[in-house]
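Here are the chains, one letter per residue:
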Amino acid sequence: MPRAVDDVAALGRRCFWPPYTASEAHDAGDAFLVAGAEGPYLIDTEGRRWLDGSGSWWCSNLGHGHPRVRAALKAQADRWMHSMVGGLGHAPAYELARDLVEIAPAGLTRVFYSDDGSTAVEVAAKMAFQYWHQNGRPERTRFAALPGGYHGDTLGTMSLGAVDAFSALFAPLMFGASRPPDPADSGGWERTFEALFALIRAERDAIAAVVVEPVVQGAAGMRMYPPALLAELRAVADEVDTFLIFDEVFTGFGRTGPMWACEPAGVAPDLLCSAKGLSAGALPFAATLATERIYDGFRGGKARSLMHGHTFCGNPLGAAVAREVLAIYRDEAILERAAPRARQLAEGFERIGRIDGARAARALGMVAAVDLGAQGYFGTRGAAVQRGALERGVHLRPLGDTIYVVPPLNIGAEPLAALIDGVHDAVADVLGGA
Ligand SMILES: *Cc1c(COP(=O)(O)O)cnc(C)c1O
């Protein structure tokens, strides 16, 4: 008799199609089967625990199975699990909207719900586009964005993003965006932003919105830039009176230290996108926050309403969970208590950065990264480190040759030390043999 686990693995090989994976690699592969998860750990089918270094795709901000998140989900499931928000409403969606507005950067007063990070950005882009279309500037149809930006995998968000490895082949289907040169070519982030400002001014009549990941570009390899540049960007957007979209899908909910990564810049966007940590990674759930000015631009009859909606907009399970997540952040002082862990993480990656051959070790809040080479997304050292880390009880998912970790904000000092040590030793092994 084959064991149940073998059956599951065989089923996966036969019927399942995983993302970002070559078919023959999946057919031949032995996927790591998760059978549980708790706090900072994934638990496999043998009951072994592995530190979840990539935070289950950057969203496990409170660790797995937080008892209050679990209880909120169960309680809402017992009441009802879904009803639409077109024409109907409900307390979980409205109360969460109030709670989000309360903690949002100043001026964001309206909340539109969708399902994931991609849709949160897609909604923001359509809001900006339609706003100008029906408020006297229909020629504003283009977007400006940063090189290396990542905003999701739908056609619209790929158009705004610039991670070539992901999206280049779809170029004929995309609407394109105006982008300055990459900091690697321009001489640094200041130059790149200067070029962005110049193109915003040059295309001032055409730009519907400027879209950026504030302070940390996740998928580009956890690239970081100074918050002061966001303040300058805000000033330029104001100067030409166009909209700023901050994609805080990854950086929001305290990932970089403050609740929102844009806070240290002292500026707010016109549209803010949130997902991932919004539900603490428990459910697909997203929100796009907008200013009253933008909301007001959709008055004047049915034909001027926002032409966008999803079946699961404001889903009561997601809304109830997200409300509880915000309550946990308050009650457990999640941001304050993460500060010493962030220092521990930064020190750990400084140590990793001193390994011969490691470069550009960096950390901000509860995200840390180090580069092992210049091969980018298709580099192979990352995969070797991934294998080595697994032998040390740590699950990583490198971005090519960029090794990063995004631990839960409430991880304990000991598991964090084990995570850092696991990464350190795996990196030292691979670079030592390089
Ligand atoms: C993950 C991510 C997205 C896309 O979110 P999905 O939930 O995967 O659609 C968008 N923007 C940023 C910055 C992200 O990190």
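Residues numbered from 1 in each chain as written. Predicted model: local features only at pLDDT ≥ 70, side-chain atom pairs only at ≥ 80, totals over all residues. Heavy atoms only, no water.

K.L.:
Tell me about the environment of Ile 103, residues and numbers included.
P.N.:
Counting through the fold element by element, Ile 103 comes out in helix H5 (residues 91-103). For the pair Ile 103 and Leu 326, spaced 223 residues apart in the sequence, the C-alpha separation amounts to 9.1 Å. Beyond its immediate sequence surroundings of up to four residues, Ile 103 is in contact with Met 259, Trp 260 and Leu 326. (Helix = DSSP H or I, 4+ residues; strand = E, 2+ residues; numbered from the N terminus. Contact = heavy atoms within 4.5 Å.)

K.L.:
Quick rundown of the sheet that holds strand S15 (residues 402-405)? Include the residues and the values.
P.N.:
Sheet strands line up and pair through hydrogen bonds in the backbone, either parallel or antiparallel. The three strands are arranged S12-S13-S15 in an open sheet whose pairing can be described as antiparallel. Since the sheet does not close on itself, it has two edges, and those belong to strand S12 (359-364) and S15, each with one partner. Geometrically, the sheet is characterised by an average inter-axis angle of 10° between neighbouring strands, direction not taken into account. Two strands pair when backbone bridges link them, and S12 and strand S13 (residues 367-371) are joined in this way by four bridges, in the antiparallel orientation. Of the residues in S13, the one forming a bridge with Leu 364 is Val 367. The sheet contacts of helix H14 (residues 334-353) involve S12, S13 and S15, and relative to S13 the element is tilted by about 5°. (Pairing = 2+ DSSP bridges. Axes fitted to C-alpha atoms, helices over the stretch in contact; angles between N-to-C directions.)

K.L.:
If you had to explain the packing of aromatic side chains to someone new, which residues and values would you point to?
P.N.:
Tallied over the full model, the rule gives 15 aromatic pairs. Ring geometry for Tyr 131 versus Trp 132: centroids 5.0 Å apart, planes at 90°, classification edge-to-face. On the accessibility criterion, Trp 132 (2% relative accessible area) is buried. Of the aromatic side chains, those joined through ring pairs into one cluster are Trp 189, Phe 193, Phe 197 and Tyr 225. Above the face of the Tyr 295 ring, Arg 110 is positioned so that its terminal group lies 3.8 Å from the ring centre. Here Arg 140 stacks its cationic end above the ring of Trp 132, 4.5 Å away from the centre of that ring. (Phe/Tyr/Trp six-rings, centres within 6.5 Å; stacked < 30°, edge-to-face > 60°. Buried < 20%, exposed > 50% of the residue type's maximum accessible area, 1.4 Å probe, protein only. Lys NZ or Arg CZ within 6 Å of the ring centre and 35° of its normal.)

K.L.:
I'd like a description of the site of the ligand, backed by residues and values.
P.N.:
All residues adjacent to the ligand are Trp 58, Asp 116, Gly 117, Ser 118, Tyr 150, His 151, Gly 152, Glu 213, Asp 247, Val 249, Phe 250 and Lys 276. Contact between the ligand and Gly 117: an oxygen atom at 2.8 Å from a main-chain N or O atom of the residue. Ser 118 has a polar side-chain atom sitting 2.6 Å from an oxygen atom of the ligand. In the complex, 83% of the free accessible area of the ligand, which totals 380 Å², lies under the protein chains. The residue inventory of the shell around the ligand, partitioned by class, reads four nonpolar, four polar and four charged. (Near = heavy atom within 4 Å. Polar contact = N/O pair within 3.5 Å; in protein donor to acceptor, adjacent residues only side chain to side chain. Areas by Shrake-Rupley, 256 points an atom, 1.4 Å probe, with all protein chains shown as cover. Nonpolar A, V, L, I, M, F, W, Y, C, P; charged D, E, K, R; others polar.)

K.L.:
Describe the confidence of the model for the protein chain, listing the residues and the values that go with them.
P.N.:
In this model, the protein chain carries a mean pLDDT of 95, and residues with pLDDT of at least 70 account for 98%. Put simply, helix H8 (residues 164-167) is where the protein chain has its lowest mean pLDDT, 78, and strand S10 (residues 271-274) is where it has its highest, 99. (pLDDT = per-residue confidence, 0-100.)

K.L.:
I'd like a description of the domain arrangement of the protein chain, backed by residues and values.
P.N.:
Taken domain by domain, the protein chain holds domain 1 (32-65 + 333-432) and domain 2 (67-331). Just the C-alpha atoms count here: the centres of domain 1 and domain 2 sit 26 Å apart. Summed over both partners, the interface of domain 1 with domain 2 buries about 2,300 Å², with 67% contributed by carbon and sulfur atoms. For the domain 1 face of the interface with domain 2, the top three residues by lost area are Trp 58, Leu 62 and Leu 335, together amounting to 26%. At the boundary of domain 1 with domain 2, the tally comes to 11 residue pairs in polar contact (both at pLDDT 80 or more). For the side of domain 1 that touches domain 2, the residue count by class is 19 nonpolar, five polar and one charged. (Domains from an automatic or database assignment. Buried area = accessible area lost by both parts, 1.4 Å probe.)

K.L.:
Which residues make up the sheet that holds strand S14 (residues 394-395), and what values go with them?
P.N.:
One open sheet holds the four strands; their spatial order is S1-S2-S3-S14, and the pairing between them is mixed. Looking at strand neighbours, the two that pair on one side only are strand S1 (34-38) and S14, the edges of this open sheet. Pairing geometry for S1 and strand S2 (residues 41-44), over four bridges, is antiparallel. Bridge pairing in S2 places Val 34 opposite Asp 44.

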